[in-house]
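Working through the structure, step by step
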Amino acid sequence: MTSGVGRHTIPGTGTFFVGIDIAPGRYRCDDGKGGWWVRFAGPGGGDPIGSWPLPIGPTEVEIRPDDFAFETHVSTYWRLVGAPSDADERAPAETRPVADPGLRPELDALVAQHGILHRTAPLAIPLLCVLGIAFGGAWGLSLIPLAVIALTGRYLSDDMRRARALKLRRDRYVTPEDFDEEGRTLLARVQGAIDTVQGSEVNKEGLLDTVDNAVTLPRQEWEIAQVLARQARLRGEQKAFLASGAAPEVEAAIRPLRHKLDLSVAAVTRRIEALERYAERTRAADKAFRAHRHLDTLSARAEEYDELLADTVREDLALPAIERLTHQSDELVRTLRDRLAEAADAGSELPPATG
């Protein structure tokens, strides 16, 4: 299983769990030439469906909600272009699944625990094919299908092991179906703020080094998602009680429970707002960083401008122009430092993640 999945994209190579790594839907690859994909459909992924080799040019695949995993080997990437054909149009697909950050490495480590025969078999058979062809034996060619079967069998075996392990860990991930409309709306705000920070230039350049975003933000997302899923479940229970024509005594008993639920929603909303403040400060720092970088480019060419002015007018006219450029650069550096400091302050306001 591979990390690095975006909100609506799938990297070109890797195995991804449906409902954990990726959401179901119709995905498009702009050029899958020579690549291949496998949908692990059926209970636990026991009914794989694949396509190989993919044609030149665009290609699409529909990943269904009941698929277990999707394996892909293409040179580009896949992007979400629509909902599954049988999706409920009332359920928005604006949120992505959320998993405990420790789940992926845990399952990958489990799959890696193979014996020596399992690890060497996919390499041994192609080697025998090469030796057979080299020494003139037609039997070498007959081993090529065995090599393909061995390689495919290894992937299937890995994913079956993941499937069995995943069934025992349902409490370690949530999907969009685990939330009601209110929960999905709040989760979309969380994921939007996190995407803003992680995708920012100042984050990629390591300028937000006071906050370990790669560790902190996935943990924040998981903890908030757990709370939102529990809130959605409790809201559903309350609505079911009230819809069944509950007696006045039951309605009275629900009232204080609803109040406690409202307090919980208010508390998690404050946490979400802290993430959004962090994202907003990061966005402002990004803007200052881009301006500073552009001005650096201009400053690097200041000598050329100086020579140009010296060739056309008196040198005393060139000096103020260059000094103004330098002053602007100094001012922007101060602005960038202020914006980075504000982003760091906003990041420090995030409540500590547990675990």
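See above for the structure.
What counts as what
Residues numbered from 1 in each chain as written. Predicted model: local features only at pLDDT ≥ 70, side-chain atom pairs only at ≥ 80, totals over all residues. Heavy atoms only, no water. Helix = DSSP H or I, 4+ residues; strand = E, 2+ residues; numbered from the N terminus. Expected span 1.5 Å × (residues − 1). Buried < 20%, exposed > 50% of the residue type's maximum accessible area, 1.4 Å probe, protein only. Contact = heavy atoms within 4.5 Å. Axes fitted to C-alpha atoms, helices over the stretch in contact; angles between N-to-C directions. Parallel < 35°, antiparallel > 145°, perpendicular 65-115°, else oblique. Left-handed = near helix turned anticlockwise from the far one by under 90°. Nonpolar A, V, L, I, M, F, W, Y, C, P; charged D, E, K, R; others polar.

Some remarks on helix 4 (residues 181-198)
Along its 18 residues, helix 4 runs 26 Å from first to last C-alpha, staying within 8% of the 26 Å computed at 1.5 Å per residue. Along helix 4, the positions that sit buried rather than exposed are Gly183, Arg184, Leu186, Leu187, Val190, Gln191, Ala193, Ile194 and Val197. Summarising the contacts, the buried residues of helix 4 are in contact with strand 7 (98-99), helix 5 (201-204), helix 6 (213-243) and helix 7 (248-300).

Considerations on the packing of helix 4 against helix 7
Interhelical geometry of helix 4 versus helix 7 gives an angle of 25° and a closest axis separation of 8 Å. Between helix 4 and helix 7, the crossing angle belongs to the class labelled roughly parallel. With respect to the hand of their crossing, helix 4 and helix 7 are arranged in left-handed fashion. In contact with Glu182, Leu186, Arg189, Val190, Ala193, Thr196 and Val197 of helix 4, helix 7 contributes Val265, Thr269, Ile272, Glu273, Leu275, Glu276, Tyr278, Ala279, Thr282 and Arg283.

Structural notes on the side chain of arginine 235
Summarising the element assignment, arginine 235 is placed in helix 6. Apart from the residues within four sequence positions on either side, arginine 235 is in contact with Asp180, Glu182, Gly183, Leu261 and Val265.

Digging into the packing of helix 4 against helix 6
Taken N-terminus to C-terminus, the directions of helix 4 and helix 6 make an angle of 175°; their axes are 9 Å apart at the nearest point. As summarised for this structure, helix 4 and helix 6 are arranged roughly antiparallel, according to the angle between their axes. Here helix 4 contributes Glu182, Gly183, Leu186, Leu187, Val190, Gln191, Ile194, Val197 and Gln198 to the contact with helix 6, which in turn contributes Asn213, Leu217, Pro218, Glu221, Ile224, Ala225, Leu228 and Arg235. Partitioning the contact of helix 4 with helix 6 into residue classes produces 10 nonpolar, four polar and three charged.

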